[in-house]
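Take a look at the letters that make up each chain.
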Amino acid sequence: MPGVIDRVLIVTGAGGGLGREYARLLARAGALVVVNDLGGSRDGTGSGTEMADAVVAEIRANGGTAVANYDSVSTEQGARSLVDTAVREFGAVHGIVNNAGILRDSSFANMGADDWEAVLRVHLFGGYNVTHAAWGHFREQGFGRIVMATSTSGLFGNFGQANYGAAKLGLVGLLNTLAIEGRKYDITVNAVAPMAATRMTADIAPADLLQRLPPAHVAPVVGHLLSDECEDTGMVFIVGGGSVQRVQLFTNKAVLFPDVPSIDEVRDNWGRITDMADAQPGANPVG
Ligand code: NAI
């Protein structure tokens, strides 16, 4: 089973938390890993080389192969330089984990444009930037594996995370189309909504819950999605604390109005329109 052996894999935001765990597991499984991290704080301020360097040192000490990269994924130029690092150091790029992330939580009433934009820049634009920089390589070689880090905050909502939730579900919208466009080139695009104790969740979830959520539980699912063998695409999984589950959008049976309905007719049918009892996965054909 080739798995990820000799595959060149980029993990963004791999200087700590989940990304570090992904990078370490992938290197142990024989991948050549680019450990990207801007090295800043949780809110996206600051930068430094220590975080990425420490993970690379750890991987090398265990006999693995890795190289550090300190570019920000939030700019096109940074993402291009990151992909160039993979190609320069290892001669190719086969997979990406779009994992880098920051938090700027506040209620929507208090959310300024700065906090909105900063979060979208790293998560959503970062996912676009890195994926776009690698896409041509994937198409040319007829192979690519992409994993997006999404979140239950985007899938289901979470108080105080309007910016973060929008960015995280934006990545699912992106992957839905990339899965279609990548299919004929053997490019798969999937997402994982992790649940793990990291600096991001340290003061958000209760300590006894966090104790049950070591990042190590998430990494093997990411490893499988990056492997040669896994050809599934366009899927989303919630993973953490020993549980792995798939998430999917459902639609119910369409209520049909052959003639343009009045507002009152819509109201009168509202119960049927909102009833999900007969819902099926995906976009149900109308009728
Ligand atoms: P973390 O804060 O430990 O890791 C994020 C890493 O991204 C940091 O090392 C940070 O320096 C790096 N980073 C931030 N901005 C960057 C940029 N512009 N360019 C490159 N690197 C940058 O947090 P954690 O928990 O490991 O998060 C990893 C991913 O998983 C994030 O996308 C997060 O939103 C997502 N996630 C995590 C959950 C959890 O339970 N920990 C829940 C849902 C999603």
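Residues numbered from 1 in each chain as written. Predicted model: local features only at pLDDT ≥ 70, side-chain atom pairs only at ≥ 80, totals over all residues. Heavy atoms only, no water.

**Q** Tell me about the packing of helix α4 (residues 113-141) against helix α6 (residues 162-182), and name the residues and values.
**A** Each pair of packed helices can be summarised by the angle the axes make with each other and by the distance between the axes. At a closest axis distance of 8 Å, the pairing of α4 and α6 adopts a crossing angle of 20°. As the angle between them shows, α4 and α6 are arranged roughly parallel. Pair α4 / α6 crosses with right-handed handedness. Residues Asp115, Trp116, Val119, Leu120, His123, Leu124, Gly127, Tyr128, Thr131 and Trp135 of α4 form the contact with α6, whose participating residues are Ala162, Asn163, Tyr164, Ala166, Ala167, Lys168, Gly170, Leu171, Leu174, Leu178, Glu181 and Gly182. Here the residues of the contact of α4 with α6 sort into 13 nonpolar, six polar and three charged. (Axes fitted to C-alpha atoms, helices over the stretch in contact; angles between N-to-C directions. Helix = DSSP H or I, 4+ residues; strand = E, 2+ residues; numbered from the N terminus. Parallel < 35°, antiparallel > 145°, perpendicular 65-115°, else oblique. Left-handed = near helix turned anticlockwise from the far one by under 90°. Contact = heavy atoms within 4.5 Å. Nonpolar A, V, L, I, M, F, W, Y, C, P; charged D, E, K, R; others polar.)

**Q** Kindly report on the layout of surface pockets, identifying the contributing residues and their values.
**A** What the second largest pocket holds in volume is close to 370 Å³. Lining of the second largest pocket is provided by 15 residues; of these, Val172, Asn176, Val247, Gln248 and Leu249 occupy positions nearest its centre. The set of elements that each furnish at least two residues to the lining of the second largest pocket consists of α5 (152-156), α6 and β8 (243-247). Of the domains in this structure, domain 1 (2-248) and domain 2 (249-287) are the two that each give at least three residues to the lining of the second largest pocket. (1 Å grid on protein atoms, 1.4 Å probe; cavity = no way out; pocket = protein on both sides within 12 Å on 5 of 7 lines; lining within 4 Å. Points joined across faces, edges and corners; volume = space filled by probe spheres on them. Domains from an automatic or database assignment.)

**Q** Can you break down the sheet that holds strand β4 (residues 95-98) residue by residue, with the values?
**A** Taken in spatial order, the eight strands of this open sheet run β3-β2-β1-β4-β5-β6-β7-β8, and their pairing is mixed. Because the sheet does not close on itself, it has two edges, and the strands there are β3 (65-69) and β8. Across the sheet, the mean angle separating the axes of adjacent strands is 20° when strand polarity is ignored. Docked against the sheet, α4 engages β4, β5 (144-149) and β6 (187-194), running at close to 175° with respect to β4. (Pairing = 2+ DSSP bridges.)

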